[in-house]
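Observations on the model geometry
The chain contents come next:
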Amino acid sequence: MSQNGHIYYFEEKPVQYQPSREQPIIEDYLSYMGTHNNFFVDIGALDGLTYSNTFFLTQNRWRGVCIECEQKAFATLAYMYRMFPEINLCRMKITPDNVVALLIANHVPRNVDFLNLDIDGYDYFVLEKILETFRPMLICTEINEKIPPPIKFTVKYNPQYTWAEDHFYGQSISQLHILCEKYRYALIKLNGINAYLIPKEINPYPEMRAEQAYREGYLEHPRPEHNKDMEILLEMSPEEGVQFINQYFSKYNGLFICTL
């Protein structure tokens, strides 16, 4: 395998590596805090290269587990990572019922250095199960940035759930904060759609409430055009927001939680 800028050549096939905008943030946190085992878990890894939050760790000879369920993405992932035997690859749909057993089977350290979670669905319940057994030193997890604090929203766990590529997915930042309080994690940053968590007992950064993180990490930046149809939530009272969301997602009635 050779490198020419951001083009990687695997045999005769050129592949564009597209670093994520999270990479420098993750690098800074890991560099400042230090690492324990140089091991990562990437749940929702896609093809392992396109906007990957973990490929740079693979390049630095970390060990890890990349998990992806979509057939085409996993086929590309398997092809691209065949030169990295220290990375275990799993094609599986992750659920709260199987995630802990899978991580244990792949010898993931209980204090794994980095967890990346992005499954566009019932992320809250998967993360909750992970935190019952593991204590990652740094977590990057996606939120549903369209739903502002203090609204607590999450898609319920449903084995038949598949993201329809609409606004119905994931968890709000206030819902994520429930897990922070329950498992003593500090919310230290929101970068658009990605929230960063560190165990409180080792956290060297100022801790944020959901409202502050949402304001600084989302509201004070240019927002995607495709979120416009939910921007009205920013003008509503929390009570009106809950009512709006229940109506907006009425076709998913019974498949989500939305409370204050």
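Refer to the structure printed above.
1. A short note on the side chain of His167
Within the secondary structure layout, His167 lies in the loop between strand E9 (152–155) and helix H6 (173–183). For His167, a relative accessible area of 10% corresponds to the buried category. Here Asp229 takes part through its side chain, which lies 2.9 Å from a polar atom of the side chain of His167. In this structure His167 touches Asn144, Lys146, His226, Asn227, Asp229, Met230, Tyr248 and Phe249, once residues within four positions along its chain are discounted.

2. Section: the packing of H6 against helix H7 (residues 210–219)
In contact at an axis separation of 9 Å, H6 and H7 are set at 135° when each is read in the N-to-C sense. Overall, the two elements H6 and H7 adopt an arrangement that is oblique. As H6 packs across H7, the resulting crossing turns out to be right-handed. Residue-level inspection shows Ile173, Ser174 and His177 of H6 in contact with H7, the latter providing Ala210, Ala213 and Tyr214.

3. Thoughts on the nonpolar core
The biggest cluster of nonpolar side chains holds 56 residues, and the ones touching the most others in it are Ile43, Leu127, Phe153, Ile245 and Phe249. Ranked by residue count, the leading element in this core is helix H5 (residues 123–133), at six residues. If sequence neighbours within four positions are ignored, Leu127 has contacts with Leu115, Leu117, Ile139, Thr141, Leu176, Leu179 and Leu197. Membership of the second largest hydrophobic core comes to 26 residues, among which are Ile26, Leu30, Trp62 and Cys66.

4. Quick word on H5
Where burial is concerned, most of H5 is hidden: eight out of the eleven residues are buried. If you check which residues of H5 are buried, you get Asp123, Tyr124, Phe125, Val126, Leu127, Glu128, Ile130 and Leu131.

5. A word on the pattern of salt bridges
The tally for this structure, following the rule as stated, stands at ten salt bridges. Linking Arg21 and Glu22 is a salt bridge whose minimum nitrogen-to-oxygen distance equals 3.8 Å. Overall, the relative accessible area of 2% leaves Glu22 in the buried class. Lys200 serves as the salt-bridge partner of Glu207, at 3.3 Å between the closest nitrogen and oxygen. Its relative accessible area of 38% is what places Glu207 among the partly exposed residues.

6. Concerning the pairing of strand E6 (residues 87–91)
Looking at chain direction, strand E5 (residues 63–68) and E6 are connected through five bridges and run parallel. Looking at the pairing, Cys66 lines up with Leu89 of E6. Read as a crossover between parallel neighbours, the route from E5 over helix H3 (residues 71–80) to E6 is right-handed.

7. Description of the pairing of strand E11 (residues 194–199)
Counting buried positions along E11 gives six out of six residues, so the element sits mostly inside the fold. Pairing analysis gives six bridges linking strand E10 (residues 185–191) to E11, with the strands arranged antiparallel. Directly across from Tyr185, in E11, lies its bridge partner Pro199. Counted between consecutive antiparallel strands, the loop separating E10 from E11 contains two residues, among which Gly192 sits at a positive phi close to 75°.

8. Re the environment of Gln175
Within the secondary structure, Gln175 is located in helix H6. Measuring from C-alpha to C-alpha, the distance between Gln175 and Ile87 comes to 32 Å, with 88 residues separating the pair along the chain. Filtering out sequence-adjacent residues up to four positions away, Gln175 remains in contact with Tyr124, Ile151, Lys152, Phe153 and Thr154.

Conventions used here
The residue numbers shown here count from 1 along each chain, following its written sequence. Note on the predicted model: pLDDT of at least 70 is required for a residue's local features to be given, and 80 or more for side-chain atom pairs to be given and counted; whole-chain, interface and lining totals, by contrast, use all residues. Note that the side-chain values use all heavy atoms of the structure and ignore hydrogens as well as water. In DSSP terms, a helix is any run of H or I states spanning at least four residues, a strand is any run of E spanning at least two, and both are numbered starting from the N terminus. Residue burial is assigned from relative accessible area. The probe radius is 1.4 Å, only protein chains are included, and a residue is buried under 20% of its type maximum, exposed over 50%, and partly exposed in between. Polar contact criterion, stated in full: a pair of N or O atoms within 3.5 Å, where within protein one must be able to donate a hydrogen and the other to accept it, and residues adjacent in sequence count only if both atoms are side-chain atoms. By definition, residues are in contact when any of their heavy atoms lie within 4.5 Å. Orientation is described by axes fitted as lines to C-alpha atoms, over the contacting stretch for helices, and by angles from 0 to 180 degrees between their N-to-C directions. Roughly parallel refers to an angle under 35 degrees, roughly antiparallel to one over 145, roughly perpendicular to one between 65 and 115, and oblique to any angle outside these ranges. Note on convention: near helix rotated counterclockwise from far helix by under a right angle means a left-handed crossing. Clockwise means right-handed. Nine residue types can take part in a nonpolar core, namely buried Ala, Val, Leu, Ile, Met, Phe, Trp, Tyr and Cys, and a core is a set of them joined through side-chain atoms within 4.5 Å. When a carboxyl oxygen of Asp or Glu is within 4 Å of a side-chain nitrogen of Lys or Arg, the pair counts as a salt bridge. What makes two strands pair is DSSP finding at least two bridges between them. Consider the strands pointing away from the viewer: the crossover is right-handed when the path from the first strand over the helix to the second runs clockwise.

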